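Chain residues, written in single-letter form:
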Amino acid sequence: MSGETILSMQGIHKSFGPKKVHQGVSFDLHDGEILALFGGSGTGKSVILRSLIGLEKPDAGIIMFEGRDIAQLGEDDLIDVRKKIGYVFQNGALFDSMTVEDNLAYPLIEHTDLTNEKIHARIAEMLDLIGLKGSEKLLPASLSGGMQKRVGAARAIILEPKIILYDEPTAGLDPFNTHRLLELMKLIQRTGKKNGAIFVTHDIPSAFQVADRVAILYNGKIHAIDTTENIKASKDPFVQAFIAGEETRGL
Ligand SMILES: Nc1ncnc2c1ncn2[C@@H]1O[C@H](COP(=O)(O)OP(=O)(O)O)[C@@H](O)[C@H]1O
Ligand SMILES: [Mg+2]
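Only a predicted model underlies this, so the values are computations on that prediction, with no experimental measurement involved. (Residues numbered from 1 in each chain as written. Chains lettered and ligands numbered in written order. Predicted model: local features only at pLDDT ≥ 70, side-chain atom pairs only at ≥ 80, totals over all residues. Heavy atoms only, no water.)

**Some details on the side chain of Ser 206**
Reasoning step 1: Structurally, Ser 206 is set in helix α7 (residues 204-210).
Reasoning step 2: Under the relative-accessibility criterion, Ser 206 is labelled buried at 4%.
Reasoning step 3: Setting aside its immediate chain neighbours within four residues, Ser 206 contacts Thr 178, Leu 182 and Phe 199. (Helix = DSSP H or I, 4+ residues; strand = E, 2+ residues; numbered from the N terminus. Buried < 20%, exposed > 50% of the residue type's maximum accessible area, 1.4 Å probe, protein only. Contact = heavy atoms within 4.5 Å.)

**Description of unusual backbone geometry**
Reasoning step 1: Residue Glu 66 is not a glycine yet carries a positive backbone phi of 50 degrees.
Reasoning step 2: Assignment of secondary structure puts Glu 66 in the loop between β4 (60-65) and β5 (68-69).
Reasoning step 3: Under the relative-accessibility criterion, Glu 66 is labelled partly exposed at 39%.
Reasoning step 4: The phi dihedral of Glu 168 is positive, around 45 degrees, even though this residue is not glycine.
Reasoning step 5: With respect to the secondary-structure elements, Glu 168 resides in the loop between β7 (163-167) and α6 (175-191).
Reasoning step 6: The class for Glu 168 is buried, based on a relative accessible area of 10%.

**Quick notes on the nonpolar core**
Reasoning step 1: In this structure, Phe 38, Leu 104, Val 151, Tyr 166, Phe 199 and Val 214 are the most contacted members of the largest nonpolar core, which totals 46 residues.
Reasoning step 2: Leaving out residues up to four positions away in the same chain, Leu 104 has contacts with Ile 123, Leu 127, Val 151, Ala 154, Arg 155 and Ile 158.
Reasoning step 3: If you look at the next biggest cluster of nonpolar residues, it comprises 29 residues, including Ile 6, Val 25, Phe 27 and Leu 35. (Core = buried A, V, L, I, M, F, W, Y, C linked by side-chain atoms within 4.5 Å.)

**As for the packing of helix α3 (residues 100-111) against helix α4 (residues 116-129)**
Reasoning step 1: Contact pair α3 / α4: the axes reach a minimum separation of 10 Å and the direction vectors enclose 120 degrees. In terms of their interaxial angle, α3 and α4 are classed as oblique. Crossing geometry of α3 relative to α4 is assigned as right-handed. For the pair α3 and α4, the contacting residues are Val 100, Glu 101, Leu 104, Ala 105, Leu 108 and Ile 109 in the first and Ile 119, His 120, Arg 122, Ile 123 and Leu 127 in the second.
Reasoning step 2: Looking at the contact of α3 with α4 residue by residue, the class counts come to eight nonpolar, one polar and two charged. (Axes fitted to C-alpha atoms, helices over the stretch in contact; angles between N-to-C directions. Parallel < 35°, antiparallel > 145°, perpendicular 65-115°, else oblique. Left-handed = near helix turned anticlockwise from the far one by under 90°. Nonpolar A, V, L, I, M, F, W, Y, C, P; charged D, E, K, R; others polar.)

**With respect to the sheet that holds β7**
Reasoning step 1: Taken in spatial order, the six strands make up an open sheet running β6-β7-β8-β3-β9-β10, and their pairing is mixed. A single partner strand is all that each edge strand has here, and the edge strands are β6 (85-88) and β10 (221-227). When the angles between neighbouring strand axes are averaged without regard to direction, this sheet yields 15 degrees.
Reasoning step 2: The strands touched by helix α2 (residues 75-84) within the sheet are β6 and β7, with β6 carrying the most contacts at an inclination of about 70 degrees. (Pairing = 2+ DSSP bridges.)

**Some thoughts on the packing of aromatic side chains**
For any pair of aromatic rings, geometry is given as the distance between the ring centres together with the angle between the planes.
Reasoning step 1: What the rule picks out here adds up to five aromatic pairs.
Reasoning step 2: Both rings, one in Phe 38 and one in Phe 242, keep their centres 6.1 Å apart while their planes meet at 20 degrees; by these two values the pair is stacked. Of this pair, Phe 38 sits in strand β3 (residues 34-38) while Phe 242 sits in helix α9 (residues 237-243); the two residues are 204 residues apart in sequence, bridging distant segments of the chain. As far as the burial class goes, Phe 38 and Phe 242 line up, both buried.
Reasoning step 3: Consider the rings of Phe 238 and Phe 242, whose centres lie 5.9 Å apart with planes at 40 degrees: the pair is tilted. A residue pair is termed a helical-turn pair when its members lie 3 or 4 positions apart in one helix, as Phe 238 and Phe 242 do in helix α9 at four residues. (Phe/Tyr/Trp six-rings, centres within 6.5 Å; stacked < 30°, edge-to-face > 60°.)

**Comments concerning α4**
Reasoning step 1: Here α4 contains 14 residues, and its C-alpha end-to-end distance of 20 Å stays within 8% of the 20 Å for a straight helix at 1.5 Å per residue.
Reasoning step 2: Along α4, the positions that sit buried rather than exposed are Ile 119, Arg 122, Ile 123, Met 126 and Leu 127. The buried side chains of α4 occupy one side of the element, clustering within an arc of 135 degrees when seen end-on. Exposed and oriented more than 90 degrees from the buried face of α4 are Glu 117 and Lys 118.
Reasoning step 3: Those residues of α4 that are buried lie in contact with α3 and α5 (145-157).
Reasoning step 4: One or two residues past the end of α4 sits Gly 131, with phi positive at roughly 70 degrees. (Expected span 1.5 Å × (residues − 1). Arc of directions from axis to C-beta.)

Shown next, in the form of structure tokens:
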């Protein structure tokens, strides 16, 4: 991990009607790190991830990536951003009527000029990575929840994005499948081209297993952000209560 900032969110404010969700969210993502983002449900974690790929527009603040402010980009430029920032959606979000192979081929067909042969080779490589070799012709419905999440992760990384956003990827998974997914996240981190990743989760033990740093979203702001070790050792009573699972305000 080099520590260089590859993405920076500064002073983000966002309201939906009278509801103030973000009230000055600021943090940096470093090259090569997994940053875990904790926060109770409804605190605005998914809205942060959605803002990073331009699916939400902040009311104020900047999101710097590769010298541009994502918050100011139009749809054409956002297509480029979405190639570079992969999003593993909360519910896997596979196309139900398409086979595993077609789900994985979709971003490659949309965004690259690869030949069919190269597309097949890339899909085979991804299926190998996620432990689903030979599943090309299966429909998502015939896969377990854990397998669907792994295919969702594969689809998000197939264009080799610089940043990967994971929205509660272990939610609803049993301990075995949680472990497999965490191992896959670590593997992606090691094999990727210096990816940075943001891992949104409620699952604090899982986050501690894979995260380099941890950020806690509370009351519309990043209440604390530090290395996993420092967060665990924090003397801040709120941080301590939060990681012990005792902090339930807003959960
Ligand atoms: N498109 C929207 N319209 C109105 N309210 C929204 C919208 N998206 C999110 N919200 C509200 O913003 C808050 C934060 O949502 P979200 O980011 O999904 O929370 P979480 O931290 O659980 O991921 C919630 O109260 C939610 O109801
Ligand atoms: Mg969410």
